[in-house]
Amino acid sequence: GDSVTQMEGPVTLSEEAFLTINCTYTATGYPSLFWYVQYPGEGLQLLLKATKADDKGSNKGFEATYRKETTSFHLEKGSVQVSDSAVYFCALSGRNTGNQFYFGTGTSLTVIP
Amino acid sequence: DGGITQSPKYLFRKEGQNVTLSCEQNLNHDAMYWYRQDPGQGLRLIYYSQIVNDFQKGDIAEGYSVSREKKESFPLTVTSAQKNPTAFYLCATGQGASRRVRETQYFGPGTRLLVL
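Residues numbered from 1 in each chain as written. Chains lettered and ligands numbered in written order. Predicted model: local features only at pLDDT ≥ 70, side-chain atom pairs only at ≥ 80, totals over all residues. Heavy atoms only, no water.

1. Some words on the pattern of salt bridges
All names here are of chain B.
- Here the structure, examined in full by the defined rule, presents six salt bridges over all chains.
- Across the pair D38 and R44 runs a salt bridge whose closest N-O atoms are separated by 2.7 Å.
- Relative accessible area serves as the criterion here: at 33%, R44 is assigned to the partly exposed category.
- By sharing partners, the salt bridges in this structure join R36, D38 and R44 into a single network. (Salt bridge = Lys/Arg side-chain N within 4 Å of Asp/Glu carboxyl O. Buried < 20%, exposed > 50% of the residue type's maximum accessible area, 1.4 Å probe, protein only.)

2. So, the nonpolar core
- If you look at the biggest cluster of nonpolar residues, it comprises 25 residues, and the most contacted ones within it are W35, L48, F73, L75 and Y88 of chain A.
- Breaking this core down by element, the ones donating at least two residues are β2 (11–14), β3 (19–21), β4 (23–26), β5 (32–38), β6 (44–50), β8 (62–65), β10 (86–93) and β12 (107–112) of chain A.
- Broken down by element, this core gets its largest block of residues, four residues, from β10 of chain A.
- Ignoring anything within four residues of it in the chain, the contact list for L48 of chain A reads L33, F34, W35, G57, S58, N59, F62, E63, A64, F73 and L75 of chain A.
- Residues L21, I60, V66 and F74 of chain B belong to the second largest nonpolar core, which totals 20 residues. (Core = buried A, V, L, I, M, F, W, Y, C linked by side-chain atoms within 4.5 Å. Helix = DSSP H or I, 4+ residues; strand = E, 2+ residues; numbered from the N terminus. Contact = heavy atoms within 4.5 Å.)

3. Looking at the interface of chain A and chain B
- Across the contact, 23 residues belong to chain A and 25 residues belong to chain B.
- Between the two partners, chain A and chain B, sit zero salt bridges.
- Inspection of the region where chain A meets chain B yields four residue pairs in polar contact (both at pLDDT 80 or more).
- Of all the elements, β5 of chain A adds the most residues to the side of chain A that touches chain B, at four residues.
- Looking at side-chain class alone, the side of chain A that touches chain B contains nine nonpolar, eleven polar and three charged residues. (Polar contact = N/O pair within 3.5 Å; in protein donor to acceptor, adjacent residues only side chain to side chain. Nonpolar A, V, L, I, M, F, W, Y, C, P; charged D, E, K, R; others polar.)

4. Remarks on the sheet that holds β8 of chain A
Residues and elements named next belong to chain A.
- Strands sit in the order β3-β9-β8-β7 across an open sheet of four strands; the sheet is antiparallel. Single-partner strands in this sheet number two, and they are β3 and β7 (56–59). Adjacent strand axes in the sheet meet at a mean angle of 15°, parallel and antiparallel pairs treated alike.
- Of the pairings in the sheet, the one linking β7 to β8 comprises four bridges and is antiparallel in character. Along β8, the bridge assignment pairs K56 with T65. (Pairing = 2+ DSSP bridges. Axes fitted to C-alpha atoms, helices over the stretch in contact; angles between N-to-C directions.)

By themselves these figures say nothing about function.
Structure representation (structure tokens):
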């Protein structure tokens, strides 16, 4: 069945460091791919998405490119800030899942000054 | 102010008690979802509804029940049959299943359920 595998954390970075959080997926057909962010005690917020191969989603300095050949959707940011400290979830939604979502287990990021 | 509201923010349940978590939306979305989140884990789907008066079980429906009498509301009841209810519960909405549109899900702020 469809699934998402996400890089395990926790990840700790210094402010202004480069961030990569790996995400790979298994799906039949052509799913849509998402990154969500969860701050402590809150719900999930949509960070970015991509709906077809080679699409690049971007928001607030974060980027991820839908790579069908490697079935990946890695999240990157060139210079992290303390305020980026949160848990990041990769997710997919596809026709074969009836538009249901499949989430990764989440990666906790802590940015230290 | 558009969005998804969940209440209460914290809920305490006594042994053998049923409790109901509220989820209301004014986004005019057809689909609504309930997820459970345990510490350090991803989200697991409890129930979902694509249209009023219809809903389906998710991966972990046992011990839970839902209703969808109005488009705006999708309350979740945690019954006494759910033996390990302590978790963070998230409600989400989406525009609805479509063969041509892959929907995005939008989340409420969550309710934390604790057992006394």
